[in-house]
Each structure stands twice: as structure tokens, then as C-alpha cells.
Amino acid sequence: MIAQRFTDFERFADEVARLRGRMRALYADTRAESGLAEMELTVLTAVVNAADAPTVAQIGRSLGHPRQVVQRAANRLAELGLVAFADNPDHKRASLIVATDAGRTLKAVDHQRAQAVTNALLARIDSATFAAAASQLHAIRAGIEAYLRERDE
């Protein structure tokens, strides 16, 4: 049997996929306590953390998710009273998504639960390790985004 050798890029892609799974597992209990589906909590987080009220398309592009998936999550959050849609002065059809007081409160409670998990993890892994990894991942993501823009031109 011939041992298969993976390129550095293939190893990286495999580690990212595995890390994503571990990150989901790490916060699964806190997410479950929120009562929201993963995508709903992701969209709520994007809305609460945004400097300016985003549109569905902006969230989708930022997170790399299809607009339709984000729209379904936003609609569900609106049904639950956690976000509201507001007129967008820059676009007639693309509404802005604004967190309600209930949405901000739910996200704050979720953040506290997640922070307890994060603190337990930081007792095992130095914060500087995460800072260095975040910088490297940002550079890789920026390179991939530039490639995709050029490819799609």
C-alpha cells in the first residue's frame, strides 16, 4: 500500500473542516440554551455586532452563506421578535435588519454562557496562540477572497 501524501493546502483545508466541527461542538450547549438554530444565532450575532444595520445580502456575503439561507433565518428571528426589518434609504427592496431589545438581551445572555466556555478554553490554550492564528487565517481568507473576485470578473 502506498502512503498518500497531502499537500500543505489539503492539510490546511482538512484542519479547517475539523476545527469548524470542534467549534460547533464547543458551543453546542450554549447554542441549544438560546433556543435558536445555529444559523439563526449566527444571523442574530451578525446583526447585534454590526456597526450599522446590515441587509440580508451583506450578512450572506460577509459569512459566505447564500442569501436565501440568511433570509430564512432573519424571517424566523423577526417572527420571534428578536429582529425587525427597517426601510433602507440606500435600496428600495433590501431592508435593513435591526436587533430588538429582546434580540440584544438574548444575545447578551448567550454571550455570557459562551464566555464561560471561552474562559475554560483559555485556561488550556494561551490567548496569544489564538491571536496569531486569527491573523494568519485573516490573511488566508483575504487571499482567497481576492482570488475569487479576480476569477469572477
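Heads up: the structure comes first, above all this text.
Parameters and conventions
Residues numbered from 1 in each chain as written. Predicted model: local features only at pLDDT ≥ 70, side-chain atom pairs only at ≥ 80, totals over all residues. Heavy atoms only, no water. Salt bridge = Lys/Arg side-chain N within 4 Å of Asp/Glu carboxyl O. Helix = DSSP H or I, 4+ residues; strand = E, 2+ residues; numbered from the N terminus. Buried < 20%, exposed > 50% of the residue type's maximum accessible area, 1.4 Å probe, protein only. Contact = heavy atoms within 4.5 Å. Axes fitted to C-alpha atoms, helices over the stretch in contact; angles between N-to-C directions. Parallel < 35°, antiparallel > 145°, perpendicular 65-115°, else oblique. Left-handed = near helix turned anticlockwise from the far one by under 90°. Nonpolar A, V, L, I, M, F, W, Y, C, P; charged D, E, K, R; others polar.

**Student:** What exactly am I supposed to notice about the pattern of salt bridges here?
**Tutor:** Side-chain pairs of opposite charge can arise where the charged atoms are in close proximity. One pass over the full model with this rule turns up 11 salt bridges. Between D101 and R104 there is a salt bridge; the shortest N-O distance is 2.5 Å. Remark: R104 and D101 occur in helix α6 (residues 101-122); sequence separation between them is 3 residues, near one turn of the helix. Using a relative accessible area of 40% as the deciding quantity, one classes R104 as partly exposed. Put simply, D110 and R113 hold a salt bridge, and the shortest N to O gap is 3.9 Å. With D110 and R113 both in helix α6, this residue pair falls 3 residues apart, about one helical turn.

**Student:** Help me understand the side chain of E40, please; the structure alone is not making it clear to me.
**Tutor:** Along the chain, E40 falls in helix α3 (residues 38-49). The class of E40 is buried, set by a relative accessible area of 12%. Ignoring sequence-local partners within four residues, the contact set of E40 consists of A73, R76 and L77.

**Student:** Whenever I open this one, the packing of helix α4 (residues 56-63) against helix α5 (residues 67-79) confuses me. Can you help?
**Tutor:** Each pair of packed helices gets described by two things: the angle between the helix axes and the distance between those axes. Packing of α4 against α5 brings their axes to within 8 Å, and their N-to-C directions diverge by 120°. Between α4 and α5, the interaxial angle falls into the category oblique. For the pair α4 and α5, the crossing hand works out as right-handed. The segment α4 lies against α5, with V56, A57, I59 and G60 engaging R67, V70, Q71 and A74. Within the contact of α4 with α5, the residues separate by chemical class into 5 nonpolar, 2 polar and 1 charged.

**Student:** Honestly, the packing of α3 against α5 in this entry has me stumped. Any pointers?
**Tutor:** Interhelical geometry of α3 versus α5 gives an angle of 80° and a closest axis separation of 9 Å. Classified by the angle their axes make, α3 and α5 are roughly perpendicular. Residues M39, E40, V43 and L44 of α3 form the contact with α5, whose participating residues are V69, V70, A73, A74, R76 and L77. Grouping the amino acids of the contact of α3 with α5 by side-chain chemistry returns 8 nonpolar, no polar and 2 charged.

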